[in-house]
Amino acid sequence: MIKKVIYVLLAMILIASCKSGGDKADSLDLDDSDIVRGELEVSGEVMQDIIQSVSSPVEMAALVKGLGVEFSNKYLAPTDDVDELTTSFQKAYHLGIYGADLGYLNMYNKTANVIDYISAIKTLADGIRVGQFFDFTTLKRLAQSSQNLDSLMYLSVHSFNQMDQYLRDNNRSNLSALMVIGVWVEGQYLATQVAKEAPHPDLAERIGEQKIILEKLILIVKNFAKNKQFENLLTELNKIYELYKDIEITIIPGEPEPREENGMLIFVQNEESVVKITDEQLNTIIKTTEEVRNKLINM
Amino acid sequence: MKKLIFLLSSILFVALYSHIQAQDISQVVAQCAAAADAVYLKDYVVNLDASTPGGAPNQARFALMLSKNTKYRFSICPAPNSEGEPILQLYDMNVMVGSTFIEATGKDFHMFDFNCQKSAIYHIFISFKEGKAGEAVGVLSFVKRL
């Protein structure tokens, strides 16, 4: 009798552990030898701060849509060769790329194209053992039904955030860093391509202010630059960063002002940042971003 | 043998409890994001112990990049069994530029909008009133371009 009870309990524990962790892919012995952790020049806490602070994949797309720019497929990275991405480095970096593209597609409600991107993301996420956070079935259903688009957007971005958080919590910040760098590069590519075809002062300012986050991302990549692939990534990002060195961001001081409107609390910021970027600087950044993005996508 | 059964039962309980808790907090994130009625960007899950008597209240800190000419919404939602009432505060360097709790009036809000005019890295602090223990979710959403 007691033996039976033990067997039942063991079986239940086995089932519970499969369900609760959702980490079945983590038990696979995946070779991460192409990624080294490196001797950190910045502390783990600082690194967490930087990775965490990178804007969401949908934010640049939201700006572009807010400017009234039409959707275009040509800004998207192709998903055809996803099976040829074999290293953890490539998989994590492309997760970021496709995450940003998915944000762009969702922002414009282009559900027909979404399936290709969620399929690619699922393949890559499984490849670096974070697929348990990407609910492919629900996302596919939401995309196919073309209803509940808010849910599709929420679930896409939330899954992405969970993957990133899981990697950071499990001492795999190198992969998390690659994901957010992928998001940043693709967001920068979208902004610069749109700026080339439909120039707008807000877009130019947004591109100029990327100096703030790019210098932080460079710090992270330097941490892992003993690895050849990270070293190459650093070289490419530095090509863009060099162009930002002369871009000035000044601050006009002011005090925040709270107010209540129709029961909603609003804080109006009166301190203002001003980006000084010339047309020449912008054009060089547009050109170099395109070159770097296209090179990195094939790396 | 009874000890073994007790041990296995305990492991089972912990495993199931963790699973249920993870589901619970995911639901809170989803509900909090939906209540914000704006484009979800990020969430910040916190689970803090009670502060030591007389000590500074425990708080969680998160860094985030915000962009000029953008209206963001910050929401805070307690987990169903949270003992403490959560407060979310937004800081630019050492200056508080937003909060769900207005100390001068003692008024609480579940969310606030922030009309950002300065592109920079900000910090969110989440704590619980009176230094109580608690679990909560903060959500950052995009409302519109200003």
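Residues numbered from 1 in each chain as written. Chains lettered and ligands numbered in written order. Predicted model: local features only at pLDDT ≥ 70, side-chain atom pairs only at ≥ 80, totals over all residues. Heavy atoms only, no water.

1. Describing the nonpolar core
Item 1. Among the nonpolar cores identified, the biggest contains 135 residues, and Met163(A), Leu233(A), Leu66(B), Phe74(B), Leu90(B) and Phe114(B) are the most heavily contacted of them.
Item 2. At 13 residues, the largest contribution of residues to this core is made by helix 8 (residues 173-197) of chain A.
Item 3. With residues near it in sequence (within four places) discarded, Met163(A) still touches Leu95(A), Ile121(A), Ala125(A), Val130(A), Phe133(A), Phe134(A) and Met179(A). (Core = buried A, V, L, I, M, F, W, Y, C linked by side-chain atoms within 4.5 Å. Buried < 20%, exposed > 50% of the residue type's maximum accessible area, 1.4 Å probe, protein only. Helix = DSSP H or I, 4+ residues; strand = E, 2+ residues; numbered from the N terminus. Contact = heavy atoms within 4.5 Å.)

2. Looking at the packing of aromatic side chains
All names here are of chain A.
Item 1. A full pass over the atoms with the stated rule returns 14 aromatic pairs over all chains.
Item 2. Relative to Tyr-117, the ring of Tyr-98 has its centre 5.8 Å away and its plane inclined at 75°; by these criteria the two rings are edge-to-face. In this pair, Tyr-98 is assigned in helix 4 (residues 88-107) and Tyr-117 in helix 5 (residues 111-127), connecting sequence segments 19 residues apart.
Item 3. Taking relative accessible area as the criterion, Tyr-98 reaches 2% and is therefore assigned buried.
Item 4. Seen from their ring centres, Phe-224 and Phe-230 are 5.1 Å apart, and the 45° between their planes marks the pair as tilted.
Item 5. A network of ring pairs unites the aromatic residues Phe-71, Tyr-75, Tyr-104 and Tyr-108 as a single cluster.
Item 6. Between Lys-65 and the ring centre of Tyr-108, over which it is positioned, the NZ or CZ distance is 5.8 Å. (Phe/Tyr/Trp six-rings, centres within 6.5 Å; stacked < 30°, edge-to-face > 60°. Lys NZ or Arg CZ within 6 Å of the ring centre and 35° of its normal.)

3. Observations concerning helix 9 (residues 201-208) of chain A
Item 1. Of all eight residues in helix 9 of chain A, seven are buried; the element is thus mostly enclosed.
Item 2. Of the positions making up helix 9 of chain A, those classed as buried are Asp202(A), Leu203(A), Ala204(A), Glu205(A), Arg206(A), Ile207(A) and Gly208(A).

4. Description of the packing of helix 8 of chain A against helix 11 (residues 228-244) of chain A
Residue and element names in this part refer to chain A.
Item 1. Two elements in contact, helix 8 and helix 11, have axes whose closest approach is 13 Å; the angle formed by their N-to-C orientations is 40°. The orientation of helix 8 relative to helix 11 falls into the category oblique. For the crossing formed where helix 8 meets helix 11, the hand is left-handed. Contacts between helix 8 and helix 11 involve Asn-174, Leu-178, Ile-181, Trp-184, Val-185 and Gln-188 from the former and Phe-230, Leu-233, Leu-237, Ile-240 and Tyr-244 from the latter.
Item 2. Split by residue class, the contact of helix 8 with helix 11 holds nine nonpolar, two polar and no charged. (Axes fitted to C-alpha atoms, helices over the stretch in contact; angles between N-to-C directions. Parallel < 35°, antiparallel > 145°, perpendicular 65-115°, else oblique. Left-handed = near helix turned anticlockwise from the far one by under 90°. Nonpolar A, V, L, I, M, F, W, Y, C, P; charged D, E, K, R; others polar.)

Function cannot be inferred from these measures alone, as they are strictly geometric.
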